[in-house]
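Observations on the three-dimensional arrangement
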Amino acid sequence: MGQRGEMWVAVQAVLLVVFIALPSGKAPWPYEMAFRAFGWVVAGLGMLLLARSALNLGRSLTPLPRPKPDGELVTSGAYRFVRHPIYLGVLLACLGIALATTSGLRLGLTLILFIFFDMKARKEERWLAERYPDYAQYQARVKKLIPWIY
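Described below are features of the structure shown in this document. Everything numeric in this text was worked out from a predicted model, so none of it was measured. Each chain has its residues counted from 1, following the order in which its sequence is written. The predicted origin of the model limits local features to residues at a pLDDT of at least 70 and limits the giving and counting of side-chain atom pairs to 80 or more, whereas totals for whole chains, interfaces and linings rest on all residues. No hydrogens and no water enter the side-chain calculation; it runs on all heavy atoms of the structure.

Before going further, it helps to spend a moment on the pattern of salt bridges. Each salt bridge in this description consists of a side-chain nitrogen of Lys or Arg and a carboxyl oxygen of Asp or Glu lying within 4 Å of one another. Under the counting rule described, the total for this entry stands at 5 salt bridges. Arginine 59 is the salt-bridge partner of glutamate 72, the closest N and O atoms lying 2.9 Å from each other. In this pair, glutamate 72 sits in the loop between α2 (32–57) and α3 (85–100) while arginine 59 sits in the loop between α2 and α3, placing the two residues 13 residues apart along the sequence. Residue burial is assigned from relative accessible area. The probe radius is 1.4 Å, only protein chains are included, and a residue is buried under 20% of its type maximum, exposed over 50%, and partly exposed in between. Here arginine 59 falls in the partly exposed class, since its relative accessible area comes to 46%. With a shortest N-O distance of 2.7 Å, aspartate 118 and lysine 144 are connected by a salt bridge. Taken together, the residues span a long stretch of sequence, with aspartate 118 in helix α4 (residues 104–131) and lysine 144 in the segment after α5 (135–141) at a distance of 26 residues. Taken individually, aspartate 118 and lysine 144 each receive the classification buried, so the pair is uniform in this respect. A single network of salt bridges, built from pairs that share partners, joins Arg59, Asp70 and Glu72. Counting from the N terminus, the helices are the DSSP runs of H or I reaching at least four residues and the strands are the DSSP runs of E reaching at least two.

This is how it looks when you write it as structure tokens:
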């Protein structure tokens, strides 16, 4: 998977390109317009969370799962509520877009992305625990991908 997790990033990029390339559809559920509006709100919130979380990381931000040697453990901002808010932001954006475009295929791929980010986070957290002695305490206090739930 590469020394810093390069393959994880490559697979993530492919999944997101496929997500974007999938067609919109006719809503298989009632209240299509409500789902579209709700979807755009969720997508917007996801993108805001993603951007804010990236800013919170500052110089510790890296696209790779292995932490930077000169990085610091960030536990403030959105990181107080979830250990991987950037992944959550991407998932919310994808969920919102799937709803807004009434695409069952995108909705299914959002579930696949959730599983992917869960696996990627598991690997990343091994590296974070090696790099930061306080990570285990943080991990015990804060949920991984869904605040207060998971």
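There is more to say, and it comes next.
Before going further, it helps to examine the side chain of arginine 83. The topology assignment puts arginine 83 in the loop between α2 and α3. We define a polar contact as two N or O atoms separated by no more than 3.5 Å, with the added condition that, inside protein, one atom must be a possible hydrogen donor and the other a possible acceptor, whereas residues neighbouring each other in sequence contribute only through side-chain atom pairs. Of note is the side chain of arginine 83, whose polar atom sits 2.6 Å from the side chain of glutamate 125. Any two residues having at least one pair of non-hydrogen atoms within 4.5 Å are treated as being in contact. Ignoring anything within four residues of it in the chain, the contact list for arginine 83 reads Glu125, Tyr135, Tyr138, Gln139, Val142, Lys143 and Lys144.

Stacked, tilted and edge-to-face are the three classes applied to pairs of Phe, Tyr and Trp rings, where Trp contributes its six-membered ring and a pair requires centres within 6.5 Å; stacked means planes under 30 degrees apart, edge-to-face means over 60, and tilted covers the rest. This model, assessed by the stated rule, comprises 6 aromatic pairs. Summarising the aromatic geometry, the rings of tyrosine 87 and phenylalanine 117 are spaced 4.6 Å apart at their centres and angled 20° between planes, so their arrangement reads as stacked. With a gap of 30 residues between them, tyrosine 87 in helix α3 and phenylalanine 117 in helix α4 connect regions that are remote in the sequence. Note on phenylalanine 116 and phenylalanine 117: the rings are 5.6 Å apart at their centroids and 65° apart in plane angle, and the pair reads as edge-to-face.

Helix length check: α3 (16 residues) gives 22 Å between terminal C-alpha atoms against 22 Å at 1.5 Å per residue, within 8%. Extensive coverage of α3 is indicated by the burial of 13 of its 16 residues. A helix is expected to reach a length of 1.5 Å times the quantity of its residues less one.

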